[in-house]
There are 2 protein chains.
Amino acid sequence: MSEARTGAGTAKSGLTIALDAMGGDRGPEMVLPGAQLARVRHPDLKFLIFGDESRIRPVLAKRKLLAECSQVRHTPDVVANDDKPSVALRQGRGSSMRLAINAVADGEADCVVSAGNTGALMAMAKFVLKSIQGIDRPAIASFFPTQRGESVMLDLGANVECDPENLVQFAIMGSIFARAVLGRAEPSVGVLNIGAEALKGNEVVKDAANRLREVPLPGRFHGFVEGNDIPAGTVDVVVTDGFTGNVALKTAEGTAALMNEWLKRTFRSSIFAGLGYLLARNAFRKLRQRGDPRRYNGAMFLGLRGICVKSHGGTDARGFANAIDVAVDLVRHGFNDRVVEELGRYSELRSEISQAAAGTP
Amino acid sequence: MSEARTGAGTAKSGLTIALDAMGGDRGPEMVLPGAQLARVRHPDLKFLIFGDESRIRPVLAKRKLLAECSQVRHTPDVVANDDKPSVALRQGRGSSMRLAINAVADGEADCVVSAGNTGALMAMAKFVLKSIQGIDRPAIASFFPTQRGESVMLDLGANVECDPENLVQFAIMGSIFARAVLGRAEPSVGVLNIGAEALKGNEVVKDAANRLREVPLPGRFHGFVEGNDIPAGTVDVVVTDGFTGNVALKTAEGTAALMNEWLKRTFRSSIFAGLGYLLARNAFRKLRQRGDPRRYNGAMFLGLRGICVKSHGGTDARGFANAIDVAVDLVRHGFNDRVVEELGRYSELRSEISQAAAGTP
């Protein structure tokens, strides 16, 4: 496998994005219109489209702008949504997902975007792209709405159990992500815990917090945060293990769904309430836009030697275009180069601290 | 320390509730009006009120109904909200909280309700009341609103790390709780995980699920649930470790706060939206009642040889009365006796299974 690209070097001459056209509930009928939208936003994009040519060609024929900047690569196989990651890894060597990832590893593309099976995508991306040197475990990150704009949380499910060093690496990657994608100059970072007091929580989060206090981050270490701090937007970057992060994210999604359901029932509960909704309709349109899941589409696999973004499988063209946007931001900001730099700085400082500690009688 | 009462035996002749009058942000000014409300609902209640007599007497003087069924026990000390549990345990022997718990251990009261420092209350209750035989670790449980009525979740923070057997014990206690307080005849129980598939998750949840599949519960074992299933109400009882449960509960609270803030801004964003709100005002009053945190007030310490309910410190009289209601339900349904019974049944079945397994060549 050749050296994976970290993207920054190709920023001047336009970007090439490898697309898994077969991922997501609707495959090429969603992926290609999404790519067309992204192309309108970023005129220097090029696409390598992997998938079933007989399904891709008719969709592409209707989209001249996209057709002009795309190459289609026919792939015989597809990774199904219910394929186990291990099976996909062994049997999916000819799949659209795998060949799109290979394109990044081979230097043909700057990044890959897929709306397919998350577990399979993570397994393949880890296998093909490998981890950045100094990152023990890649993580899944995503951003979400808060009372104070947008924040990012990681890990969201790639690593069920984490050690303190994993969490420190997540903190570094999260800060660089918040700079690159959210535009925060000095992102604040919090470690998710069950109490703001330093005494609470398990040994892993306490140890991680101690390391983050010792060594300056690319951002600013805030300390511990609790579950309610996630939607409050207390910090720009929430660091946690994949089990807790996944539960927190899905609990937030479920709570939003519950509140929306209650709101609907409220407006349907009387004629007056229904009239009230009609009057407030325009305002509610804006509210829906604010919480629109398409705005927060895109789970990033951070820590791999290549940019890989997972779109929600059930999203539409606009949501998929947003996932492409995130990939473009990460490549343009040289995300992986920054991570390598900051990891280097971190290990130097850590070893200085250890030496100093060893030197003390 | 004498045998703690499990409550069921005293149901016929009225209930005695030990109150920590000094707990919560407002102390007796909130606790006593709450007790008065509870007394109106349950005419057979009696109260033992622990706290600073000079603050209790004036409030009681204005409440004849409550005064008639109450005894005041003056206590010199108070556990502060920021006292560490270990310090409260050592130095708070004369506190209202400690003496109220002692009243349950001594058989003077059927249960204790406090709005004070959660950590201190848990530490003291564990020390004084001890665990039910067969329960390795007491848990904190609470109920919450869902798309399908109310559900209960435990643990919410008493045990940062749990083994499979702890989770099985939580499942048993949670089912009995759902019967006693939520009135579910055959409660469904789910173990919180990051994927519904049996392969995902850590070893602890997988092992717990296997044990719950093997041995019939007082309720019905549903299998794994994810974060979004909590507010969806997929199951009546959500079982998890204290770290994950605490994060999930607080994330849900924070998300509800975020949505409420967005809703407020929506109605304030234009004159039409404001008029719409006026028309829908009555419907929104009902919506607020549905999500009213006072309705879900009361965190139960399950697994102790004595009923102990923690009210939110910032609640009002109505919220505190609801916490008393929960304590009354638990005592009336003989909660602890049911737990002892079901634990006995469970260990018998487990040992039969082990013997059968050992007998197989």
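Given the structure is predicted, the values throughout are model-derived calculations rather than measurements.

Caption draft 1: Examining the interface of chain B and chain A more closely. Taken together, the contact between chain B and chain A spans 53 residues of the former and 53 residues of the latter. Between chain B and chain A the total buried area reaches about 4700 Å² when both faces are included, carbon and sulfur atoms providing 73% of it. Ranking the residues of chain B by area buried against chain A places Ile194, Phe243 and Trp262 of chain B at the top, with a combined share of 15%. Remark: the boundary between chain B and chain A carries two salt bridges.

Caption draft 2: Local environment of the pattern of salt bridges. All names here are of chain A. All told, the structure shown has 28 salt bridges over all chains when counted by the stated rule. For Arg55, the salt bridge goes to Glu29, with nearest N and O atoms at 3.0 Å. In this pair, Arg55 sits in helix α2 (residues 53-61) while Glu29 sits in helix α1 (residues 28-41), placing the two residues 26 residues apart along the sequence. Arg41 is the partner of Asp325 in a salt bridge, and the nearest nitrogen-oxygen pair spans 2.5 Å. In this pair, Asp325 sits in helix α12 (residues 317-332) while Arg41 sits in helix α1, placing the two residues 284 residues apart along the sequence.

Caption draft 3: Highlighting the nonpolar core. Leu19, Phe47, Phe177, Ile324 and Leu330 of chain B are the most contacted members of the largest nonpolar core, which totals 109 residues. Ranked by residues supplied to this core, first place goes to helix α7 (residues 164-182) of chain B with 12 residues. If sequence neighbours within four positions are ignored, Ile324 of chain B has contacts with Ile17, Leu19, Gly34, Ala35, Ala38, Leu45, Phe47 and Val113 of chain B. Among the nonpolar cores identified, the runner-up in size contains 108 residues, and Leu66, Val112, Met124 and Ala327 of chain A belong to it.

Caption draft 4: Summary view of the environment of Val225 of chain A. All names here are of chain A. With respect to the element layout, Val225 can be found in strand β8 (residues 220-225). Considered as a pair, Val225 and Val235 are 10 residues apart in the sequence and their alpha carbons are 8.1 Å apart. Apart from residues no more than four positions distant in its own chain, Val225 is found in contact with Gly190, Val191, Leu192, Asn193, Thr234, Val235 and Val238.

Caption draft 5: Just the relation of the copies chain B and chain A, in detail. Superposing chain B onto chain A takes a rotation of 180° combined with a translation of 0.0 Å along the rotation axis, leaving an RMSD of 0.0 Å. Seen this way, the second copy is the image of the first under a two-fold rotation axis. Within chain B, the C-alpha atom positioned nearest to the axis of rotation is that of Gly276 of chain B, 1.8 Å from it.

Caption draft 6: Quick peek at α1 of chain A. All names here are of chain A. For α1, with 14 residues, the first-to-last C-alpha span of 20 Å sits near the 20 Å given by 1.5 Å per residue. Buried within α1 are the following residues: Pro28, Met30, Val31, Leu32, Pro33, Gly34, Ala35, Ala38 and Arg39. Residues of α1 that are buried make contact with β1 (15-20), β2 (45-51), α2, α3 (64-68) and α12.

Caption draft 7: Fine view of empty space enclosed by the protein. Residues and elements named next belong to chain B. In this structure the tally under the stated criterion is two cavities of 30 Å³ or more. Here the largest cavity is characterised by a volume of approximately 40 Å³. Lining of the largest cavity is provided by Ile172, Val215, Pro216, Leu217, Pro218, Glu342, Arg345, Tyr346 and Leu349. No other element matches the four residues that helix α13 (residues 335-359) contributes to the lining of the largest cavity. When the residues that make up the lining of the largest cavity are grouped by side-chain class, the tally is seven nonpolar, no polar and two charged. Estimates place the volume of the second largest cavity at around 30 Å³.

Caption draft 8: Just the side chain of Glu342 of chain A, in detail. Residues and elements named next belong to chain A. The topology assignment puts Glu342 in helix α13 (residues 335-359). Given a relative accessible area of 14%, Glu342 falls into the buried group. Here the side chain of Glu342 touches Arg345 through a polar contact of 3.1 Å, side chain to side chain. If we skip the residues at most four places from it in the chain, Glu342 touches Ile172, Ile176 and Pro218.

Caption draft 9: Layout of the sheet that holds strand β6 (residues 149-154) of chain A. Residues and elements named next belong to chain A. In spatial order, the strands read β3-β2-β1-β4-β11-β10-β5-β6-β9-β7-β8; together these 11 strands make up an open sheet with mixed pairing. Two strands in the sheet have a free side with no partner beyond their single neighbour: β3 (70-74) and β8. Across this sheet, the average inter-strand angle for adjacent strands is 25°, counted without regard to direction. Seen against the sheet, α1 touches β1 and β2 and runs at an angle of roughly 170° to β2.

Caption draft 10: Examining the sheet that holds strand β2 (residues 45-51) of chain B more closely. Residues and elements named next belong to chain B. With mixed pairing, the 11 strands of this open sheet are ordered in space as β3-β2-β1-β4-β11-β10-β5-β6-β9-β7-β8. The sheet is open, and its two edges are formed by β3 (70-74) and β8 (220-225), each paired on a single side. Recorded for the sheet is a direction-independent mean angle of 25° between the axes of neighbouring strands. Relative to strand β4 (residues 111-114), strand β1 (residues 15-20) runs parallel, the two sharing four bridges. Bridging from a neighbouring strand, Ala18 pairs with Val112 of β4.

Caption draft 11: Quick peek at the environment of Val87 of chain A. Residue and element names in this part refer to chain A. Along the polypeptide, Val87 turns up in helix α4 (residues 85-91). Exposure remark for Val87: the relative accessible area of 25% places this residue in the partly exposed category. Counting along the chain gives 33 residues from Val87 to Ala120, while the straight-line C-alpha distance between them is 8.4 Å.

Caption draft 12: Main features of the packing of helix α1 (residues 28-41) of chain B against helix α12 (residues 317-332) of chain B. Residues and elements named next belong to chain B. Here α1 crosses α12 at 55°, and the two axes come no closer than 7 Å. In terms of orientation, α1 and α12 fall into the oblique class. Like other packed secondary-structure pairs, α1 and α12 cross with a definite hand, here right-handed. Taking contact as the criterion, the partners of Met30, Val31, Pro33, Gly34, Ala35, Leu37, Ala38 and Arg41 in α1 are, on α12, Ala317, Arg318, Phe320, Ala321, Asn322, Ile324 and Asp325. Looking at the contact of α1 with α12, its residues break down into 10 nonpolar, two polar and three charged.

Caption draft 13: Layout of a nonpolar patch on the surface. A contiguous nonpolar surface patch, about 500 Å² in accessible area, is contributed by Leu279 of chain A together with Ile271, Phe272, Leu275 and Leu278 of chain B. A per-element tally of the nonpolar patch places helix α11 (residues 271-291) of chain B first, with four residues. Given a relative accessible area of 40%, Leu275 of chain B falls into the partly exposed group.

Caption draft 14: A look at unusual backbone geometry. Residue and element names in this part refer to chain A. Cis geometry marks the peptide bond from Leu154 to Asp155; its omega dihedral reads 0°. By the element assignment, Asp155 lies in the loop between β6 and α7 (164-180). Of note in this structure, Lys130 is not a glycine but carries a positive phi near 65°. You can see Lys130 is positioned in the loop between α6 (118-129) and β5 (139-146).

Caption draft 15: Representation of α12 of chain A in the model. All names here are of chain A. Here α12 contains 16 residues, and its C-alpha end-to-end distance of 22 Å stays within 8% of the 22 Å for a straight helix at 1.5 Å per residue. Among the 16 residues of α12, 13 are classified as buried, and the element is accordingly described as predominantly covered. One side-chain oxygen at the N-terminal end of α12 lies 3.2 Å from the backbone nitrogen of Arg318; it belongs to Asp316. Backbone geometry just after α12 places Gly334 at a positive phi near 55°.

Calculation criteria
- Residues numbered from 1 in each chain as written.
- Chains lettered and ligands numbered in written order.
- Predicted model: local features only at pLDDT ≥ 70, side-chain atom pairs only at ≥ 80, totals over all residues.
- Heavy atoms only, no water.
- Contact = heavy atoms within 4.5 Å.
- Buried area = accessible area lost by both parts, 1.4 Å probe.
- Salt bridge = Lys/Arg side-chain N within 4 Å of Asp/Glu carboxyl O.
- Helix = DSSP H or I, 4+ residues; strand = E, 2+ residues; numbered from the N terminus.
- Core = buried A, V, L, I, M, F, W, Y, C linked by side-chain atoms within 4.5 Å.
- Buried < 20%, exposed > 50% of the residue type's maximum accessible area, 1.4 Å probe, protein only.
- Least-squares fit on C-alpha atoms with pLDDT ≥ 70 in both.
- Expected span 1.5 Å × (residues − 1).
- 1 Å grid on protein atoms, 1.4 Å probe; cavity = no way out; pocket = protein on both sides within 12 Å on 5 of 7 lines; lining within 4 Å.
- Points joined across faces, edges and corners; volume = space filled by probe spheres on them.
- Nonpolar A, V, L, I, M, F, W, Y, C, P; charged D, E, K, R; others polar.
- Polar contact = N/O pair within 3.5 Å; in protein donor to acceptor, adjacent residues only side chain to side chain.
- Pairing = 2+ DSSP bridges.
- Axes fitted to C-alpha atoms, helices over the stretch in contact; angles between N-to-C directions.
- Parallel < 35°, antiparallel > 145°, perpendicular 65-115°, else oblique.
- Left-handed = near helix turned anticlockwise from the far one by under 90°.
- Patch = residues over 30% accessible without salt bridge, like charges linked within 9 Å, V, L, I, M, F, W, Y side chains within 5 Å.
- Areas by Shrake-Rupley, 256 points an atom, 1.4 Å probe, with all protein chains shown as cover.

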